[in-house]
Amino acid sequence: MTVESALKPFRILAYVVGVMLLVLVTCIVLRYGFDIEGPSKVVSPIHGFLYMLYLVAAMNLGMKARWSWPYVVGVMLAGTVPLLSFVFERKVTRRVEAELAAAPA
């Protein structure tokens, strides 16, 4: 598997995890602010599973692109802060595209 093929799953999961994290935050507000527990009981495990897939995709991409460990960990942690996964998806995509353009053919 090449860097290009590792980028696509990362990008998809970054968006999915970002959206699910926003949904989860909404569910947590409903749970603790309005005492509506149902949605968070469904969304929490789904988000957890998708976040684990995101971690695998980020690690795979980081290993293929030969990034430093601090950068890989930063990309992984971006999935824990609402909206940050969207920002990092763009930064990572630009970085990978720039590395691919600079690489000899």
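Residues numbered from 1 in each chain as written. Predicted model: local features only at pLDDT ≥ 70, side-chain atom pairs only at ≥ 80, totals over all residues. Heavy atoms only, no water.

**Q** Summarise the overall build of the protein; cite the residues concerned and give the values.
**A** The secondary structure content of the protein amounts to 4 helices and 0 strands. Moving toward the C terminus, one meets the helices and strands of the protein in the order α-α-α-α. In the protein, buried positions account for 35% of the 105 residues. Taken as a whole, the protein presents about 6300 Å² of accessible surface, with 72% of it coming from carbon and sulfur. With 10 positive and 6 negative side-chain charges, the protein shows a spacing of 5 Å between the two charge centroids. (Helix = DSSP H or I, 4+ residues; strand = E, 2+ residues; numbered from the N terminus. Buried < 20%, exposed > 50% of the residue type's maximum accessible area, 1.4 Å probe, protein only. Areas by Shrake-Rupley, 256 points an atom, 1.4 Å probe, with all protein chains shown as cover. Lys, Arg positive; Asp, Glu negative; His and termini not counted. Charge placed at Lys NZ, Arg CZ, Asp CG, Glu CD.)

**Q** So what's going on with the packing of helix α3 (residues 69–77) against helix α4 (residues 84–102)? Which residues, and what values?
**A** In contact at an axis separation of 10 Å, α3 and α4 are set at 145 degrees when each is read in the N-to-C sense. Here α3 runs over α4; the crossing is left-handed. Contacts between α3 and α4 involve Y71, G74 and V75 from the first element and F88, V92 and R95 from the second. (Axes fitted to C-alpha atoms, helices over the stretch in contact; angles between N-to-C directions. Left-handed = near helix turned anticlockwise from the far one by under 90°. Contact = heavy atoms within 4.5 Å.)

**Q** Report on the environment of E4, specifying residues and quantitative values.
**A** Looking at where E4 falls in the secondary structure, it is placed in helix α1 (residues 3–34). Of the polar contacts made by the side chain of E4, one reaches the side chain of T2; its length is 2.9 Å. (Polar contact = N/O pair within 3.5 Å; in protein donor to acceptor, adjacent residues only side chain to side chain.)

**Q** Describe a nonpolar patch on the surface, and please don't skip the residues or the numbers.
**A** Taken together, the side chains of V25, V29, F34 and I36 present a nonpolar region at the surface, about 360 Å² in accessible area. The residue I36 is located in the loop between α1 and α2 (38–65) in this model. Residue I36 is classed as partly exposed on the basis of its relative accessible area of 41%. (Patch = residues over 30% accessible without salt bridge, like charges linked within 9 Å, V, L, I, M, F, W, Y side chains within 5 Å. Salt bridge = Lys/Arg side-chain N within 4 Å of Asp/Glu carboxyl O.)

**Q** Now, about the UniProt feature "transmembrane region" (unreviewed entry) in the protein: what can you tell me, with residues and values included?
**A** Feature annotation in UniProt assigns "transmembrane region" (unreviewed entry) to the following positions: residues 12–34 and 69–88. Annotation note: span residues 12–34, helix share 100%, strand share 0%, distance between end C-alpha atoms 32 Å. Secondary structure within residues 69–88 divides into 70% helix and 0% strand; the distance between the first and last C-alpha atoms comes to 16 Å. (UniProt positions renumbered as here; feature names shortened; annotations may be inferred.)

**Q** Report on the pattern of salt bridges, specifying residues and quantitative values.
**A** Applying the stated rule across the entire model yields 4 salt bridges. With a shortest N-O distance of 3.9 Å, E89 and R90 are connected by a salt bridge. Through salt bridges with shared partners, a single ionic network connects R11, E89 and R90.

**Q** Tell me about the environment of L7, and name the residues and values.
**A** Tracing the backbone shows L7 in helix α1. Looking at L7, the relative accessible area reads 9%, which means it is buried. Other than its neighbours up to four places away in sequence, L7 contacts L61, V92, T93 and V96.

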